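# Descriptive structure summary
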Amino acid sequence: MRGQHTPVRHTRLQGRAGTTAREKSIVLAGGGPRAAMLLERLSANRPALFSGPLRIHVVDPFPPGAGRIWRRDQSPLLKLNSRAADVTVFTDSSVECAGPAVEGPSLVEWAAGVLDGSIPDGRGPHGTDADLEAQLRDLRPESFPTRRLQSLYLEWFYRSTVAALGPGTTVEVHADTVVAVEPNGAAETHGSAEANDAGPHHVRLATGVLLPADAIVLALGHTEAAPSGGSAGFADFAARHGAVHVPPAYTNDVDLSVLAPGSDVLVSGLGLAFIDLMVLLFEGRGGSFRESSGRLEYVPSGREPRLWVGSRRGVPYRSKIRGDLRGAAPASPLFLTPAAVAALVERHGRLDFRRDLWPLMAKDAAYAYYRELFTGHPGRTEHGWERFSARFADVDWYSPEREALVAQSVPDPADRLDFEALDFPLAGRRFDAAGAEAAVAAHIEDDLALRDGGENSETLGLFLGLLSVYFELGRLVPPEALTDESRSLVAGWWHGFFSYVDSGPPAHRLRELLALHRAGMVRFLGPGTTFGTNEADGTFVGVSDASGHAVAARSLVEARLPEAGLAGSANPLLRSLAAAGLAVADHADGRLVVDPENRVLDAAGRPVPWLHAVGAGTTGWGSGAFARPRSNAAPFRHTDALARTLLSSLAALRDAPAPASPTYSRTRLQADLAAAHSYLG
């Protein structure tokens, strides 16, 4: 089917000397939350920066605003890992950016407005079902909403943004996929300002439609990846032995029917993808949970497999924190500052993450933790916050002086922050098989008591401290300022550690996991788990190096998203750009290389002025698709800056006539369309 075209509003404006200004165009490849937020920022900044006629094409096979991950058409059991009060897509007055703030409701405020009629179009053109209506009624600030409810909010945000666009702007939505870009006749000089002045480029969709584009923004999110490394080996093994291998993927889009009831299944990974898998395989197959004698109990349906789960840490992500701060209000980072980073750059040139940055980040996060411990729970500390904080500021994070200060001031060792122990809580311990399971279960119980009891608000202080330095690192340190090894470390360890501590599941999901474990439906392999194969009997094997206990099964699920990036991507657009030399993968981590203005760098290292990319898979700092209200969050700052760059670039273009559509060779056309159809299944 050809792309859907839904013109919203269009008015021709007059250019200089009475001539008609050429309509400029932007193509957004991807229509999820990042694209919707960019559209809103384009709308807010347009009056000040661009006065000509503008057409914006939004290309995505899934509904605009929600996109693939947040679409309504998915399991009603899957939830956000953020509270309803902590989700907004509006660039409010807290955001430090050049563009104007546009106030709007958070997710929980939007739901209240839908119910009381003050947001009359919140249910969308197709209305809601009974499940969504119940969710709207039951939503509270502390609720963890479903992704289906989030889809309503995001789709409403998109529609509201389009409705607010001023005259002279047209938005067209194409239920399609971008597969290739054909630069204009000046493409060979695209490193110069003259490139766009020959007229727009052309974007080819999977249906064969060509769209003109003066600027293109890749907002593709997590794309599929070709099997590589261990995953490719597992896929080949499964094909040869008739076994079952589920590669990394967005869990809701996986055919889980291949995991037979009653069968043993090895699962690699205990992050958020595992939580989704758990929900779909147990409650999603008719099982249920009930309270019994003060704890949760699982009631099986008889259609479930049995999962044997392991990972490097051996434990799931930390649970989301319940409660509020009791002590002093949060503050900006004191140690990871512009002056500190500038001094490090002057001293070392390119920065080493472990040597230069992590000690400052750890110190800031720990400062937030101890501030809440001392001011919110003074009975668990000695000497007072003022004395402790003054001495803490003068010592290095990795120093005997810091360790001595904490030991003198925090009597209970359990209250002393140790990032290495936090990261790998079972490291260095040895178990038998039963001991490993007991240790993992005990860790989850302890984590829930610490973070979901409402009595340990210092954990919220740590959460906010890590969140602050996560965003501050992206603001102060461009990726190109890091060594190659450090870029890889930031994309790998740092992002993983932050997600493990700050972006875990709601506490009730971990209570369900414990109930499944007690019912024998989920078994824990322990820390240091590795997965392999046994050619002799055609089974996959999981073994923890903490116990040496091995488990064999005919099925293996890799519970994680595919590696984001250009290297290995199966996305036809990314592959086409790389083949044309218009995009290049970072040799340190395989991600799509962009400059500080999110312009894609070509094979010669030059920024392509009309091609931008944001989000997962780029070397730009990942900052999420939405954020907490009133938090000056990075997604809003970055998106505003990109919108202003795009509008300023369009304003600088001459009104040259648009060229004829490029001539495609039959071979090239067939290759592009074949790649698209293969990717889309």
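Residues numbered from 1 in each chain as written. Predicted model: local features only at pLDDT ≥ 70, side-chain atom pairs only at ≥ 80, totals over all residues. Heavy atoms only, no water.

### With respect to the overall build of the chain
Helices and strands together make up the secondary structure of the chain, namely 18 helices and 19 strands. Computed over the C-alpha atoms, the radius of gyration of the chain is 26 Å, within 12% of the 26 Å expected from 2.2 N^0.38 for a compact globule of 681 residues. Expressed along its principal axes, the backbone C-alpha trace of the chain runs to roughly 80 × 65 × 55 Å. Expressed as a percentage of its 681 residues, the buried residues of the chain come to 54%. Of all intrachain contacts in the chain linking residues separated by at least 6 positions in sequence, the fraction that spans at least 24 positions is 76%. For the chain, the exposed surface amounts to about 27,400 Å²; the carbon and sulfur share of it is 53%. Where the 67 positive side-chain charges of the chain centre and where its 78 negative ones centre are 3 Å apart. (Helix = DSSP H or I, 4+ residues; strand = E, 2+ residues; numbered from the N terminus. Rg over C-alpha atoms; globule rule 2.2 N^0.38 Å. Buried < 20%, exposed > 50% of the residue type's maximum accessible area, 1.4 Å probe, protein only. Contact = heavy atoms within 4.5 Å. Areas by Shrake-Rupley, 256 points an atom, 1.4 Å probe, with all protein chains shown as cover. Lys, Arg positive; Asp, Glu negative; His and termini not counted. Charge placed at Lys NZ, Arg CZ, Asp CG, Glu CD.)

### Regarding the side chain of S25
As for its position among the elements, S25 is in strand 1 (residues 24-29). Within the structure, S25 has its side chain in polar contact with the backbone nitrogen of A213 (distance 3.4 Å). Not counting residues up to four positions away in its chain, the partners in contact with S25 are L54, R55, P212, A213, D214, A215 and L650. (Polar contact = N/O pair within 3.5 Å; in protein donor to acceptor, adjacent residues only side chain to side chain.)

### Describing the pairing of strand 17 (residues 555-558)
Neither face of strand 17 is open: one carries S555 and V557, the other L556 and E558, and all of them are buried. Where strand 8 (residues 244-246) lies against strand 17, 3 bridges are found, and the strand directions are parallel. Bridged to H245 within strand 17 is L556. Inspection of the sheet shows strand 9 (residues 264-268) paired to strand 17 by 4 bridges, in the parallel sense. (Pairing = 2+ DSSP bridges.)

### Quick word on the packing of helix 13 (residues 458-476) against helix 14 (residues 484-502)
Contact pair helix 13 / helix 14: the axes reach a minimum separation of 10 Å and the direction vectors enclose 150°. By the angle class used here, helix 13 and helix 14 are roughly antiparallel. For the pair helix 13 and helix 14, the crossing hand works out as left-handed. Judged by residue contacts, L462, F463, L466, L467, V469, Y470 and L473 of helix 13 engage W494, H495, F497, F498, V501 and D502 from helix 14. Split into classes, the residues belonging to the contact of helix 13 with helix 14 amount to 11 nonpolar, 1 polar and 1 charged. (Axes fitted to C-alpha atoms, helices over the stretch in contact; angles between N-to-C directions. Parallel < 35°, antiparallel > 145°, perpendicular 65-115°, else oblique. Left-handed = near helix turned anticlockwise from the far one by under 90°. Nonpolar A, V, L, I, M, F, W, Y, C, P; charged D, E, K, R; others polar.)

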